[in-house]
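One letter stands for each residue in the lines below.
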Number of protein chains: 4
Amino acid sequence: MKPVCMVIGAGAGIGGNVGKRFAQEGYHAVLCRRSDQQGLDRLVKSIEDDGGTATGFLLNAIEPDSIEDCIAAVEADIGPIDTLVFNLGAQTGIVSLGDTTNKMFELGWRLATFSLFRAASAVFPYMQKRGKGTLLVTTATAAFRGNPGQHTHASAMGGRRMLCQTLNAEFASKGIHVAHILIDGMVDAPDTLGKIMGEERFQELRESRGLEHDGLVLPEKIAETYFHVSQQHRSTWTYEIDMRSFTDTAWWNHPILDF
Amino acid sequence: MKPVCMVIGAGAGIGGNVGKRFAQEGYHAVLCRRSDQQGLDRLVKSIEDDGGTATGFLLNAIEPDSIEDCIAAVEADIGPIDTLVFNLGAQTGIVSLGDTTNKMFELGWRLATFSLFRAASAVFPYMQKRGKGTLLVTTATAAFRGNPGQHTHASAMGGRRMLCQTLNAEFASKGIHVAHILIDGMVDAPDTLGKIMGEERFQELRESRGLEHDGLVLPEKIAETYFHVSQQHRSTWTYEIDMRSFTDTAWWNHPILDF
Amino acid sequence: MKPVCMVIGAGAGIGGNVGKRFAQEGYHAVLCRRSDQQGLDRLVKSIEDDGGTATGFLLNAIEPDSIEDCIAAVEADIGPIDTLVFNLGAQTGIVSLGDTTNKMFELGWRLATFSLFRAASAVFPYMQKRGKGTLLVTTATAAFRGNPGQHTHASAMGGRRMLCQTLNAEFASKGIHVAHILIDGMVDAPDTLGKIMGEERFQELRESRGLEHDGLVLPEKIAETYFHVSQQHRSTWTYEIDMRSFTDTAWWNHPILDF
Amino acid sequence: MKPVCMVIGAGAGIGGNVGKRFAQEGYHAVLCRRSDQQGLDRLVKSIEDDGGTATGFLLNAIEPDSIEDCIAAVEADIGPIDTLVFNLGAQTGIVSLGDTTNKMFELGWRLATFSLFRAASAVFPYMQKRGKGTLLVTTATAAFRGNPGQHTHASAMGGRRMLCQTLNAEFASKGIHVAHILIDGMVDAPDTLGKIMGEERFQELRESRGLEHDGLVLPEKIAETYFHVSQQHRSTWTYEIDMRSFTDTAWWNHPILDF
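Residues numbered from 1 in each chain as written. Chains lettered and ligands numbered in written order. Predicted model: local features only at pLDDT ≥ 70, side-chain atom pairs only at ≥ 80, totals over all residues. Heavy atoms only, no water.

1. Regarding the overall build of chain A
Part 1 of the reasoning: When you go through chain A residue by residue, the secondary structure sums to 8 helices and 7 strands.
Part 2 of the reasoning: On C-alpha atoms alone, chain A measures out to a radius of gyration of 18 Å, which is about the 18 Å that the 2.2 N^0.38 rule sets for 259 residues.
Part 3 of the reasoning: Taken over the C-alpha atoms alone, chain A extends approximately 60 × 40 × 40 Å along its principal axes.
Part 4 of the reasoning: Pairs at least 24 residues apart make up 74% of the contacts formed inside chain A by residues separated by at least 6 positions.
Part 5 of the reasoning: Of the roughly 9,500 Å² of accessible surface on chain A, a fraction of 51% belongs to carbon and sulfur atoms. (Helix = DSSP H or I, 4+ residues; strand = E, 2+ residues; numbered from the N terminus. Rg over C-alpha atoms; globule rule 2.2 N^0.38 Å. Contact = heavy atoms within 4.5 Å. Areas by Shrake-Rupley, 256 points an atom, 1.4 Å probe, with all protein chains shown as cover.)

If you want it as structure tokens, here you go:
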């Protein structure tokens, strides 16, 4: 039976590409996303065309028991979840405090923090019984500092970051590898950045970034590092890693004042 | 009319002492806590005996509109809220992931993160209209790193920390001073540490800490710094400050390995 | 005998103003700077005119034994050094790697890191014998993140920051309070910012910053917080604190991307 | 002509193993260490026996022009330096402030900070001309926080950390990949940990760490990740990554207080 790589948040960007990469290495990819059955089917088919195996689920993560039931079903019917990739975002764009409703703020937490807690609570007992397992969590710069207009996103991601640390602190010695992976640049992802910016401006941005169109973070290249981290020997586990394009400015570097 | 210093989370530790300190300087103290009407009355009386003025409210912060209504009532009936001290904790003790229920995890967030969002959303419009105001937020080491068994506390405090940064980023230039105050040591507070440890062990701990009983963080001394920060000139605002006893080890200092 | 507040790096900005503030509170101010005897004399006289007492020294900190001898002389001839304010900078402006010479890089370290090590090594034995003392260290954003063109400044300040942590870790429990004070904004200081920018541009900058000219960090207001930190009760010592103007953007806040 | 992977600090631990790993992938390994010609010869021979190519140099990094001349000679005589691995440590053990001499403090800086500055200054012009290159810098927990007795090590490593950030900030967009690699655990390295602890205690420690002797960080496994990072596509460069064993406690996790 193939080991399973389960991806929660499997769009056409990071999530889908990570699923593909693991499938190429002999994992069965389980791909979960909230909507777009067609996009999901395309993703499964592209993995199968590539010689791999995959299963897709539409999953509304914020619904009670949705993640829990899906994890139980995968363990029962498909195979042992070796690697869980938690890739749900909670980006809202820039919204002032006055325009941030209680509902929006809570939704961000449910997506970015609480869903991860629920996912870990559901899958870690299986992994702990097997004495091994990997949880790869995609995170955002907002987990490290709060910019204006990011009340929802930053607080939800800040909660996620600390949760990853408590999970790692409790479970590393039990053989479960938690990695907190910071994507500190704009990802060349039509489902997320493309939708936020609109098709036209997204294409302009892509073309403006370098001759070889690699000034945006390329999700298929991200997938290489996700896979590497998942394969690290347990004597050299990475907990935290960042990635950005060579043209990106790291979040801690202000533009220089001109004097 | 006196300016108001409103304290959310006004027990016998930091919150109550900060309220007293502001009352000594001519503020009207508004003291809010979840329960213990007697303790609240004692606190109000001790401020009045000291020549100050104060009002107490029992306030269940996680109830919808509770904070919002109280802030509106204070602004309408008592006076302009110059300083809001947000001092609610969400300490649960050490609880493994398996024993952390969804309900507990959510409650932590409601207390530590969401309540702060709601408080800021309610009070900042008043402060912004006046072009000035101060929000002092007590925070814990768990906002900076997640220890084992702190899934709830650390994720809630991590969310709080990032929220404070987004609030500061949006409102500093509008004249509202946000300060994130880290208490990185055990506080000599009967209502919190005393209850967690039990009376007897709490007394033992107090006595073990230094000849002058100041090895725990003394809340009346904390209050001095809260007051100082609130009075800083706007050209020298502090956003982040930590405090610990001279006998405490800073959170980033491991015990030294013996080789 | 008055307690001494000794300032290393006492120009017309932070250092001089901190010296003045302590003198107003009954300390004897010892003011050390590398050059400008006239400026130093003016500073001493202004403290005396204000009813205080002060002594000035020209001190080339990077010369062997200069700091050590001066500290010994103050302890022998003037009084016990209660508070040492270490305020030497090592700002070089923006210099590319190719233009950063070995000599320049080393000089930065000698000023910003090594001088602090030497000062602490010289003064802590006196303080330790007395069971108390305070070391206030001014630091810069470059201690927290390295911007382009800051090879010298950032590495020297990064070394300083870690040194402050090791000093605090060894000496807090011995009664010596170390505080690492981040000034994260441009200071309204003619001797430093004024010289870097040139008189005319400096005046333009000052006038552009707010109606009340307080959009630059005002050194006399900084001095209030230095003094407060020095007076904290040992049960509530601050190790790290930041300050910036209400119009400054905190170093961790990027300008928002416009989408 | 093979691309060169040059390792400064190539003992039997991380440095030597990283050299071997690159040699297996078709790089010519240039191995530099301060002393022990025999150990160096053994390392070169083990790479050759493995089918690779390597050259060894004894190099006293703190001598003026030593690093610079070696880099120039490699570029002239051996091949283009594609990857420079900077792996010099400056661990002094635990030394109180009183026992830390000026000379010791300066030596730490020369080894850990200044040598890296000199190495980057020497090799980056070649890399920049070629539009690509990689600098992998091994760093220690002391770069992130200063423990007692680490005055020399922490300040030198703190300087190194900030220098890596300024190098990255200036050179990423020019095609040079700088990575700051934190080894946050004890490495199973006879040349460093073995010497600090003594043979016998080192063996005891090794045996106490897990049934499969992988509770220490295994340098040959570290080498896998060094190689992966060096091969990352430039759209997904990692700047910062940590590694520790599954049995290690991350530096930010205090032991839990028992209440």
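2. Considering the pattern of salt bridges
Part 1 of the reasoning: Under the counting rule described, the total for this entry stands at 48 salt bridges over all chains.
Part 2 of the reasoning: Across the pair A:Arg33 and A:Asp36 runs a salt bridge whose closest N-O atoms are separated by 3.4 Å.
Part 3 of the reasoning: Residue A:Arg33 is classed as buried on the basis of its relative accessible area of 11%.
Part 4 of the reasoning: For A:Asp36, a relative accessible area of 33% gives the class partly exposed.
Part 5 of the reasoning: Salt bridges linked by common partners bring A:Glu106, A:Arg110, B:Glu106 and B:Arg110 together as one network. (Salt bridge = Lys/Arg side-chain N within 4 Å of Asp/Glu carboxyl O. Buried < 20%, exposed > 50% of the residue type's maximum accessible area, 1.4 Å probe, protein only.)

3. Here we look at the interface of chain A and chain B
Part 1 of the reasoning: At the interface, 40 residues of chain A touch 40 residues of chain B.
Part 2 of the reasoning: Between chain A and chain B, roughly 2,900 Å² of surface is buried when both sides are summed, and carbon and sulfur atoms account for 69% of that area.
Part 3 of the reasoning: Between A:Arg110 and B:Glu106 there is a salt bridge, with its nearest N and O atoms 3.0 Å apart.
Part 4 of the reasoning: Along the contact surface separating chain A from chain B lie 10 residue pairs in polar contact (both at pLDDT 80 or more).
Part 5 of the reasoning: Secondary structure elements with two or more residues in the side of chain A that touches chain B: helix H4 (102–130) and helix H5 (151–171) of chain A.
Part 6 of the reasoning: At 14 residues, the largest contribution of residues to the side of chain A that touches chain B is made by H5(A).
Part 7 of the reasoning: Partitioning the side of chain A that touches chain B into residue classes produces 17 nonpolar, 16 polar and 7 charged. (Buried area = accessible area lost by both parts, 1.4 Å probe. Polar contact = N/O pair within 3.5 Å; in protein donor to acceptor, adjacent residues only side chain to side chain. Nonpolar A, V, L, I, M, F, W, Y, C, P; charged D, E, K, R; others polar.)

4. Observations concerning the relation of the copies chain A and chain B
Part 1 of the reasoning: Overlay of chain A on chain B (RMSD 0.0 Å): rotation 180°, translation along the axis 0.0 Å. Here the two chains are linked by the operation of a two-fold rotation axis. The position closest to the rotation axis in chain A is occupied by the C-alpha of A:Gly159, lying 2.1 Å away.
Part 2 of the reasoning: A share of 100% of the interface residues of chain A reappears at the interface of chain B, consistent with the copies meeting face to face through the same patch. (Least-squares fit on C-alpha atoms with pLDDT ≥ 70 in both.)

5. Quick notes on the packing of aromatic side chains
Part 1 of the reasoning: A complete count under the given rule lists 56 aromatic pairs over all chains for this structure.
Part 2 of the reasoning: Between the aromatic rings of A:Tyr239 and D:Trp252, the centroid separation amounts to 5.5 Å while the plane-to-plane angle is 55°, which identifies the pairing as tilted. You can see A:Tyr239 sitting in the loop between helix H8 (219–231) and strand E7 (240–243) and its partner D:Trp252 sitting in the segment after strand E7 (240–243), one on each of two chains. This pair shows no difference in class: A:Tyr239 is buried, exactly as D:Trp252 is.
Part 3 of the reasoning: Grouping aromatic residues by their ring pairs yields a cluster made of A:Phe105, A:Trp109, A:Phe114, A:Phe117, B:Phe105, B:Trp109, B:Phe114 and B:Phe117.
Part 4 of the reasoning: Sitting over the ring of A:Phe171, A:Lys174 keeps its end group 5.3 Å from the ring centre.
Part 5 of the reasoning: For the cation-ring pair, C:Arg118 lies above C:Phe114, with the distance from its terminal atom to the ring centre recorded as 5.8 Å. (Phe/Tyr/Trp six-rings, centres within 6.5 Å; stacked < 30°, edge-to-face > 60°. Lys NZ or Arg CZ within 6 Å of the ring centre and 35° of its normal.)

6. Digging into helix H8 (residues 219–231) of chain C
Part 1 of the reasoning: For H8(C), which comprises 13 residues, the first-to-last C-alpha distance of 19 Å matches the rise-based estimate of 18 Å (1.5 Å per residue) to within 8%.
Part 2 of the reasoning: Turning to H8(C), its buried residues number three or more, namely C:Pro219, C:Ile222, C:Ala223, C:Thr225, C:Tyr226, C:Phe227, C:His228, C:Val229 and C:Ser230.
Part 3 of the reasoning: In this fold, the buried residues of H8(C) make contact with helix H8 (219–231) of chain B together with helix H1 (14–24), strand E4 (81–86), strand E5 (133–140), strand E6 (176–183) and strand E7 (240–243) of chain C. (Expected span 1.5 Å × (residues − 1).)

7. So, the environment of B:Lys132
All names here are of chain B.
Part 1 of the reasoning: In this fold, Lys 132 is placed in the loop between helix H4 (102–130) and strand E5 (133–140).
Part 2 of the reasoning: Counting along the chain gives 51 residues from Lys 132 to Ile 81, while the straight-line C-alpha distance between them is 10.0 Å.
Part 3 of the reasoning: Beyond its immediate stretch of four places on either side in the chain, Lys 132 contacts Asp 82, Met 127 and Gly 175.

8. With respect to empty space enclosed by the protein
Part 1 of the reasoning: Scanning the model with the defined rule gives 7 cavities of 30 Å³ or more in all.
Part 2 of the reasoning: Roughly 1,200 Å³ of internal volume is contained in the largest cavity.
Part 3 of the reasoning: Taken together, 40 residues line the largest cavity, and the ones lying closest to its centre are A:Arg161, B:Arg161, C:Arg161, D:Arg161 and D:Trp251.
Part 4 of the reasoning: For the lining of the largest cavity, the secondary structure elements donating two or more residues are H5 and E7 of chain A, helix H5 (151–171) and strand E7 (240–243) of chain B, helix H5 (151–171) and E7 of chain C together with helix H5 (151–171) and E7 of chain D.
Part 5 of the reasoning: Across the lining of the largest cavity, the residue classes break down as 20 nonpolar, 4 polar and 16 charged.
Part 6 of the reasoning: Within this model, the second largest cavity holds a volume of roughly 60 Å³.
Part 7 of the reasoning: As for the second largest cavity, its lining consists of A:Asn168, A:Ala172, A:His177, A:Val178, A:Trp237, A:Thr238, A:Tyr239, D:Arg244, D:Ser245, D:Phe246 and D:Asp248.
Part 8 of the reasoning: In terms of residue class, the lining of the second largest cavity is built from 5 nonpolar, 4 polar and 2 charged. (1 Å grid on protein atoms, 1.4 Å probe; cavity = no way out; pocket = protein on both sides within 12 Å on 5 of 7 lines; lining within 4 Å. Points joined across faces, edges and corners; volume = space filled by probe spheres on them.)

9. With respect to a negative patch on the surface
Part 1 of the reasoning: Negative charge collects at one region of the surface, where A:Glu199, A:Glu200, A:Glu204 and A:Glu207 lie side by side.
Part 2 of the reasoning: With respect to the helices, strands and loops of the structure, A:Glu204 is situated in helix H7 (residues 199–208). (Patch = residues over 30% accessible without salt bridge, like charges linked within 9 Å, V, L, I, M, F, W, Y side chains within 5 Å. Lys, Arg positive; Asp, Glu negative; His and termini not counted. Charge placed at Lys NZ, Arg CZ, Asp CG, Glu CD.)

10. Here's the deal with unusual backbone geometry
Residues and elements named next belong to chain A.
Part 1 of the reasoning: Positioned with a positive phi, Asp 65 is a non-glycine residue whose angle comes to about 70°.
Part 2 of the reasoning: The residue Asp 65 is located in the loop between strand E3 (53–58) and helix H3 (66–77) in this model.
Part 3 of the reasoning: Judged by its relative accessible area of 44%, Asp 65 is partly exposed.

11. Brief notes about the pairing of strand E6 (residues 176–183) of chain A
All names here are of chain A.
Part 1 of the reasoning: Of all the 8 residues making up E6, 8 are buried; the element is thus mostly covered by neighbouring parts of the structure.
Part 2 of the reasoning: Side chains Ile 176, Val 178, His 180 and Leu 182 of E6 all project onto a buried face; the interleaved residues His 177, Ala 179, Ile 181 and Ile 183 project onto the opposite face, where all are buried too.
Part 3 of the reasoning: Here 8 bridges tie strand E5 (residues 133–140) to E6, and the two strands are oriented parallel to one another. Paired with Val 137 across the bridge in E6 is His 180.
Part 4 of the reasoning: By the bridge criterion, 4 bridges tie E6 to E7 in an arrangement that is parallel. Of the residues in E7, the one forming a bridge with Ile 183 is Met 243. (Pairing = 2+ DSSP bridges.)

12. Observations concerning the environment of A:Gly26
Residue and element names in this part refer to chain A.
Part 1 of the reasoning: By the secondary structure assignment, Gly 26 is in the loop between helix H1 (14–24) and strand E2 (28–33).
Part 2 of the reasoning: What makes Gly 26 partly exposed here is its relative accessible area of 29%.
Part 3 of the reasoning: Separated by 100 residues in the primary sequence, Gly 26 and Tyr 126 have C-alpha atoms spaced 20 Å apart.
Part 4 of the reasoning: Those residues in contact with Gly 26 that lie beyond four places of it in its chain are Lys 2 and Pro 3.

13. A short note on helix H3 (residues 66–77) of chain C
Part 1 of the reasoning: Between its terminal C-alpha atoms H3(C) stretches 16 Å, which fits the 16 Å expected from 12 residues at 1.5 Å a residue.
Part 2 of the reasoning: Of all the residues in H3(C), the buried ones are C:Ser66, C:Ile67, C:Glu68, C:Cys70, C:Ile71, C:Val74 and C:Glu75.
Part 3 of the reasoning: Along its buried surface, H3(C) packs onto strand E1 (4–8), strand E2 (28–33), strand E3 (53–58), E4 and helix H4 (102–130) of chain C together with helix H4 (102–130) of chain D.

14. A few points about the packing of H4(D) against H5(D)
Residues and elements named next belong to chain D.
Part 1 of the reasoning: It is at 7 Å that the axes of H4 and H5 come closest, and there the two elements cross at 15°. Between H4 and H5, the angle is such that the two are roughly parallel. In this structure, H4 meets H5 at a crossing whose hand is right-handed. On the side of H4, the interface is formed by Met 104, Phe 105, Gly 108, Trp 109, Leu 111, Ala 112, Thr 113, Leu 116, Phe 117, Ala 120, Phe 124 and Gln 128, while H5 contributes His 151, Thr 152, Ser 155, Ala 156, Met 157, Gly 159, Arg 160, Leu 163, Cys 164, Leu 167 and Phe 171.
Part 2 of the reasoning: Residues of the contact of H4 with H5, tallied by class, amount to 15 nonpolar, 7 polar and 1 charged. (Axes fitted to C-alpha atoms, helices over the stretch in contact; angles between N-to-C directions. Parallel < 35°, antiparallel > 145°, perpendicular 65-115°, else oblique. Left-handed = near helix turned anticlockwise from the far one by under 90°.)

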